[in-house]
Amino acid sequence: MSTSAPYPLPANVGASGVVGPATTTGYVTVCGISVAETAGTATRIELRDGASATGNVVAAYQVAANGSTPPGDLPNVRVQGGLYVKVIGAGTLTGSVYVR
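Throughout what follows, the structure given in this document is the object of discussion. None of these values were measured; they are calculated from a predicted model.

Rules of the game
- Residues numbered from 1 in each chain as written.
- Predicted model: local features only at pLDDT ≥ 70, side-chain atom pairs only at ≥ 80, totals over all residues.
- Heavy atoms only, no water.
- Buried < 20%, exposed > 50% of the residue type's maximum accessible area, 1.4 Å probe, protein only.
- Helix = DSSP H or I, 4+ residues; strand = E, 2+ residues; numbered from the N terminus.
- Pairing = 2+ DSSP bridges.
- Axes fitted to C-alpha atoms, helices over the stretch in contact; angles between N-to-C directions.
- Core = buried A, V, L, I, M, F, W, Y, C linked by side-chain atoms within 4.5 Å.
- Contact = heavy atoms within 4.5 Å.

### Overview of the pairing of strand 4 (residues 43-49)
For strand 4, a buried count of five out of seven residues is recorded, marking the element as mostly surrounded by other parts of the structure. When strand 4 meets strand 5 (residues 57-63), the two strands line up antiparallel, connected through six bridges. Of the residues in strand 5, the one forming a bridge with R44 is Q62. Here strand 4 runs beside strand 7 (residues 83-88); their pairing, made up of six bridges, is antiparallel. From the neighbouring strand, I45 faces strand 7, where its bridge partner is V87.

Here is the structure:
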């Protein structure tokens, strides 16, 4: 059994970027997420394949103003080359994505 490591989410749209280890060969496995919005503005986040803002969306979350998502498991989503987290909206986020 391999363990997962938490990586902080980008705080806002300007900080969208690669999260966790970026590998030039092989895959990263995304296995969970926990996120809260702290600025009072609903915000959406997209987890994208390939460490790229234009990669395929593998998961999307709408976070209500001052809301949160419960810590949740993802079904071990494999993304090639790394994970990109794109923040859409004016809110401010805190939380982690869990990668192995």
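More follows now that the structure is in view.
### Re the sheet that holds strand 2 (residues 17-19)
Strand pairing in a sheet relies on backbone hydrogen bonds. The paired strands run either parallel or antiparallel. Overall, antiparallel pairing links the four strands, which are arranged 2-7-4-5 in an open sheet. Of all strands in the sheet, those with a lone pairing partner are strand 2 and strand 5, marking the two edges. Taken pair by pair, the neighbouring strands of this sheet meet at an average axis angle of 30°, ignoring direction.

### A closer look at the nonpolar core
Burial of nonpolar side chains together is a common tendency in soluble globular proteins. Ranked by size, the top nonpolar core spans 20 residues in total, and within it I45 and L47 carry the most contacts. Where this core is concerned, the elements lending two or more residues are strand 3 (27-37), strand 4, strand 5, strand 6 (68-80), strand 7 and strand 8 (93-99). Element by element, the count of residues in this core is highest for strand 3, at four residues. Not counting residues up to four positions away in its chain, the partners in contact with I45 are L9, I33, V35, A59, A60, Y61, K86, V87 and L93.

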